[in-house]
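Notes for the structure review
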Amino acid sequence: MNKHFVSLAVAGAFMALGSQAAIAAPDWAKVGKSTIHVFHPGATPMEWVQGKGEHSGASGLKKGETCAGCHVEDGKLSLDTKRLGSKELEPKGAPKTLTYPVTVQAAYDASNLYVRLTFKAPAGGFDHSDKDNEVKATVMFPNDKVPLADQAGCWSACHEDVKGMPKGKDKTKHVAAGAMDLMQWKSSGKSVDGFVADKRNMEGGKAGATAEGAKAGDTYTVTFTRKLAGNAVLAPGKAVPFGIAIHADNAAGRFHHVSFGHTIGLGADGDVKAAKQ
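Bear in mind that the values here come from a model prediction, so they are computed numbers and not experimental data.

**Looking at the overall build of the protein chain**
Along its length, the protein chain carries six helices and 16 strands. Across the 277 residues that make up the protein chain, the buried fraction comes to 51%. Contacts in the protein chain between residues far apart in sequence, at least 24 positions, make up 69% of those at least 6 positions apart. If you sum the accessible surface of the protein chain, you get close to 12900 Å²; carbon and sulfur atoms cover 51% of it.

What follows is the structure in structure tokens.
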């Protein structure tokens, strides 16, 4: 029997918005599909990416190159997955599946941006510490004040002092400046609507977002609805940087699969082109 999970964002003020969005949701059969491959990043925080480690792409970042520009070729990942799963970069233990595809669709209207993720969450993970959630799906949007946001996407929020890293302490994800909208759906029936900011913590109810998800067979479909009003980042005519993170097989913390930084085009070119409703 199929299991269905439906959740609303923690901000009660947006419950009505969620109901309206459900009625006016896009016809996804008419929205184009893009494939973004997510992968287990190991213990590679932003400091490592920028050169505090043996990362050959650090010099390219200094020249303005993007992570995806180096590691995504013809829509497929160009990565040394064997190294990512090694004890060098994953001292705890790598999942059996190091990379897998996520189908991404996007649409927008005068009020909202809609993002839909479809994927098969693999088993065989190392960490199973989130007993309440078999799966969590997250989308993050950095604003233009986040350092390297247009090059590294949501990777900019991952640092070596984050809890769970080999040198980690008690920090959650954070950025040096600016902020990131964060939307997360949890299979337990809860969702997070908040942001990662320079104050180095997460707060809920800031983005005005809802999330709902369902599982059919072995496939999850998660749909996020996020208001556009009053947001300079998510505006028609722009290519919006974003990133994806998926925790599968009851994983927590850094034991997730992530994307590189990509863009959603709202009436503009992007790795994912949002359909206007």
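**Focus: the side chain of asparagine 250**
If you trace the backbone, asparagine 250 turns up in the loop between β13 (238-247) and β14 (257-258). Among the polar contacts listed, one links the side chain of asparagine 250 to the backbone oxygen of aspartate 130, at a separation of 3.0 Å. Those residues in contact with asparagine 250 that lie beyond four places of it in its chain are Asp127, His128, Ser129, Asp130, Lys131, Asn133 and Glu134.

**Overview of unusual backbone geometry**
Of note in this structure, aspartate 74 is not a glycine but carries a positive phi near 55 degrees. Checked against the element boundaries, aspartate 74 lands in the loop between β3 (72-73) and β4 (76-77). Look at aspartate 249: it is not a glycine, yet its phi comes out positive at around 60 degrees. With respect to the secondary-structure elements, aspartate 249 resides in the loop between β13 and β14. The buried category is assigned to aspartate 249, whose relative accessible area is 17%.

**Topic: the nonpolar core**
Residues Leu117, Phe119, Phe141 and Ile264 are the most contacted members of the largest nonpolar core, which totals 33 residues. Of the residues forming this core, the biggest block, five residues, is contributed by strand β5 (residues 99-108). Phenylalanine 119 has contacts with Tyr100, Pro101, Val102, Val135, Ala137, Asp218, Thr219, Tyr220, Val222 and Ile246, leaving out every residue within four places of it along the chain.

**Thoughts on the pattern of salt bridges**
Scanning all chains against the criterion turns up nine salt bridges. Residue glutamate 160 pairs with lysine 52 through a salt bridge whose shortest N-O separation is 2.8 Å. With glutamate 160 in the loop between α6 (149-152) and β8 (179-186) and lysine 52 in the loop between α2 (46-49) and α3 (58-62), this pair connects stretches of sequence that are 108 residues apart. We classify glutamate 160 as partly exposed; its relative accessible area is 22%. The class for lysine 52 is exposed, based on a relative accessible area of 53%. The partner of glutamate 88 in a salt bridge is arginine 83, and the shortest N-O contact between them spans 2.8 Å. When its relative accessible area of 47% is taken as the criterion, glutamate 88 is described as partly exposed.

**What to know about the pairing of strand β16 (residues 272-276)**
Side-chain direction in a regular strand flips from residue to residue, so the side chains alternate between the two faces of the sheet. As paired strands, β5 and β16 are joined by two bridges and run parallel to one another. Bridge pairing links alanine 107 to alanine 275 in β16. Of the strand pairs in this sheet, strand β15 (residues 262-266) and β16 are connected by three bridges, and their pairing is parallel. Its bridge partner lying in β16, isoleucine 264 is registered against valine 272.

Rules used in this analysis
- Residues numbered from 1 in each chain as written.
- Predicted model: local features only at pLDDT ≥ 70, side-chain atom pairs only at ≥ 80, totals over all residues.
- Heavy atoms only, no water.
- Helix = DSSP H or I, 4+ residues; strand = E, 2+ residues; numbered from the N terminus.
- Buried < 20%, exposed > 50% of the residue type's maximum accessible area, 1.4 Å probe, protein only.
- Contact = heavy atoms within 4.5 Å.
- Areas by Shrake-Rupley, 256 points an atom, 1.4 Å probe, with all protein chains shown as cover.
- Polar contact = N/O pair within 3.5 Å; in protein donor to acceptor, adjacent residues only side chain to side chain.
- Core = buried A, V, L, I, M, F, W, Y, C linked by side-chain atoms within 4.5 Å.
- Salt bridge = Lys/Arg side-chain N within 4 Å of Asp/Glu carboxyl O.
- Pairing = 2+ DSSP bridges.

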